[in-house]
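Observations on the model geometry
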Amino acid sequence: MRKMIATALAAVLLIALSPAPARAAATTEIELFGTTLAARGAAVDVNFGITCPADVEGTATVSVTQTRDDGLTASGVVVDEFSCRNGGILNIARVTASVLGAPFERGRARLTMLVTGAAPINQNVRLQN
Amino acid sequence: MRRFTAFLAVLTALIIGSVLLLAPGAQADTGPSTTRVVTADRAAQGERVVVTLSATCPAGATIKVVVTVTAANDNRIAQGARQKKVDCAGTAQPIELRVEHNPIGAIFIVGAATATTVRTVCDDSGCDTISFDETIRIS
């Protein structure tokens, strides 16, 4: 009888401890590599990496806004799904220009990125050919 | 002793069951599929672009494609979208879509453009949705 109780206790412990992976304290981070114009400014390709000490799935929202030399505004936003495993991934998000605005051109622009589990990025970038 | 063995067997079954139940639910697996823009021809004085896709998806499934074409026209943007649903043949099949321009924007002109194709492939097991961007040429 005592053996049975011991076995039952061991089983309860096994079930309680085994399948729940601990949530790592380390955080997901975004690294921006570059922003290039595509299709004569109809879109901007945003190259970035995500490092994830713990596996993460979620969305990356990328927004680019530019005030052109002629004063017109070009802007766009894209939401991409990603799945980050084994430490990190590389990604390209294509931000298409809004039909209400102008095409993107070479030069300064404002980039905002929201990635699941990571601190948001909001910085000036250079759009290149 | 026999009772103990039975108890152990039940225990093992319970543990295996819990592990199986807790395994992450896999997404619907509808099999491999692709889409690619083959041609994009300007039509109706730029009011429209006729896009031909080459699509592959497993026979027996259905594929819905939503194609959005965006292009620069001087200092304005030309954009249009169109969707179509067809049955999969199991081999590469052409899908033609007549993409009308959004009247808020400019008309299409010949040259580089970007195309976003969102495909939803469905079969008995469920649906998979995949988005694909490519640079194309309107001619």
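As a reminder, the structure under discussion sits directly above these lines.
These lines cover the structure that appears in this document, whether it is placed above or below.

1. Some words on unusual backbone geometry
Of note, alanine 39 of chain A is a non-glycine position whose phi angle comes to about 50°, a positive value. Relative to the elements of secondary structure, alanine 39 of chain A occurs in the loop between β1 (29–38) and β2 (43–52). A relative accessible area of 8% means that alanine 39 of chain A is categorised as buried. Of note in this structure, aspartate 74 of chain B is not a glycine but carries a positive phi near 55°. Mapping aspartate 74 of chain B onto the fold places it in the loop between β3 (62–73) and β4 (76–87). On the accessibility criterion, aspartate 74 of chain B (68% relative accessible area) is exposed.

2. Notes on the pattern of salt bridges
Residue and element names in this part refer to chain A. On inspection of all chains with the given rule, the structure shows five salt bridges over all chains. A salt bridge links aspartate 55 to arginine 85; the nearest nitrogen and oxygen atoms lie 3.5 Å apart. With a gap of 30 residues between them, aspartate 55 in the loop between β2 and β3 (56–67) and arginine 85 in the loop between β4 (73–84) and β5 (87–96) connect regions that are remote in the sequence. Residue class for aspartate 55 comes out partly exposed when judged on its relative accessible area of 46%. With its nearest N and O atoms 2.7 Å apart, the salt bridge here joins aspartate 70 to arginine 68. Members of the salt-bridge network, linked through shared partners, are Asp55, Glu57 and Arg85.

3. Side note on the pairing of strand β6 (residues 107–115) of chain A
Residues and elements named next belong to chain A. As paired elements, β3 and β6 share six bridges and run antiparallel to each other. If you follow valine 64 over to β6, its bridge partner there is leucine 111. Once β6 ends, the chain turns through five residues before running back antiparallel as strand β7 (residues 121–127), passing glycine 117 with a positive phi of about 85°.

4. Remarks on the sheet that holds strand β6 (residues 111–123) of chain B
All names here are of chain B. Taken in spatial order, the four strands of this open sheet run β4-β3-β6-β7, and their pairing is antiparallel. On the outer flanks of this sheet lie β4 and β7 (126–138), each paired with one strand and no other. Taken pair by pair, the neighbouring strands of this sheet meet at an average axis angle of 15°, ignoring direction. Bridging between β3 and β4 involves 12 bridges; their strand directions are antiparallel. Paired with valine 69 across the bridge in β4 is glycine 80.

5. Quick look at a positive patch on the surface
There is a patch of like positive charges on the surface, built from Arg106, Arg108, Arg110 and Arg126 of chain A. Relative to the helices and strands, arginine 126 of chain A resides in strand β7.

6. Here we look at the environment of alanine 71 of chain B
Topologically, alanine 71 of chain B is positioned in strand β3. The class of alanine 71 of chain B is buried, set by a relative accessible area of 1%. Note: C-alpha distance between alanine 71 of chain B and threonine 114 of chain B (43 residues apart in sequence) is 6.4 Å. Once you skip the residues sitting within four places of it in the chain, alanine 71 of chain B turns out to touch Arg40 and Ala42 of chain A together with Arg76, Ile77, Ala78, Phe108, Ala112, Ala113 and Ile138 of chain B.

7. A look at the sheet that holds strand β5 (residues 93–100) of chain B
All names here are of chain B. Strand order in the open sheet made by the three strands is β1-β2-β5, with antiparallel pairing throughout. A single partner strand is all that each edge strand has here, and the edge strands are β1 (34–43) and β5. Direction aside, the axes of adjacent strands within the sheet are offset by 20° on average. Pairing analysis gives eight bridges linking strand β2 (residues 48–56) to β5, with the strands arranged antiparallel. Residue pairing in the sheet places arginine 48 in a bridge with glutamate 100 of β5.

8. Some words on the state of the cysteines
Overall, the coordinates contain three disulfides over all chains when judged by the stated rule. Across a sulfur-sulfur distance of 1.9 Å, cysteine 52 of chain A and cysteine 84 of chain A are joined as a disulfide pair. Its S-S torsion of about -85° marks the bond between cysteine 52 of chain A and cysteine 84 of chain A as left-handed, since a negative value means left-handed. Of this pair, cysteine 52 of chain A sits in strand β2 while cysteine 84 of chain A is found in strand β4, placing the two residues 32 residues apart along the sequence. Take cysteine 52 of chain A and cysteine 84 of chain A: they sit in the same class, and that class is buried. One disulfide bridge connects cysteine 122 of chain B with cysteine 127 of chain B, the sulfur atoms lying 2.0 Å from each other.

9. Examining the nonpolar core
In this structure, Phe48 and Val62 of chain A are the most contacted members of the largest nonpolar core, which totals 29 residues. Elements supplying a minimum of two residues to this core: β1, β2, β3, β4, β5, β6 and β7 of chain A. For this core, the element with the highest residue contribution is β2 of chain A, accounting for five residues. Not counting the four nearest positions on each side in its chain, valine 62 of chain A is found in contact with Val46, Phe48, Gly76, Val77, Val78, Ala93, Val95, Leu111, Thr112 and Met113 of chain A. Formed by 25 residues, the second largest nonpolar core is a distinct cluster that contains Ile95, Ala113, Ala115 and Ile136 of chain B.

The rules behind the values
- Residues numbered from 1 in each chain as written.
- Chains lettered and ligands numbered in written order.
- Predicted model: local features only at pLDDT ≥ 70, side-chain atom pairs only at ≥ 80, totals over all residues.
- Heavy atoms only, no water.
- Helix = DSSP H or I, 4+ residues; strand = E, 2+ residues; numbered from the N terminus.
- Buried < 20%, exposed > 50% of the residue type's maximum accessible area, 1.4 Å probe, protein only.
- Salt bridge = Lys/Arg side-chain N within 4 Å of Asp/Glu carboxyl O.
- Pairing = 2+ DSSP bridges.
- Axes fitted to C-alpha atoms, helices over the stretch in contact; angles between N-to-C directions.
- Patch = residues over 30% accessible without salt bridge, like charges linked within 9 Å, V, L, I, M, F, W, Y side chains within 5 Å.
- Areas by Shrake-Rupley, 256 points an atom, 1.4 Å probe, with all protein chains shown as cover.
- Lys, Arg positive; Asp, Glu negative; His and termini not counted.
- Charge placed at Lys NZ, Arg CZ, Asp CG, Glu CD.
- Contact = heavy atoms within 4.5 Å.
- Disulfide = S-S within 2.5 Å.
- Core = buried A, V, L, I, M, F, W, Y, C linked by side-chain atoms within 4.5 Å.

That is the geometry; function is a separate question.
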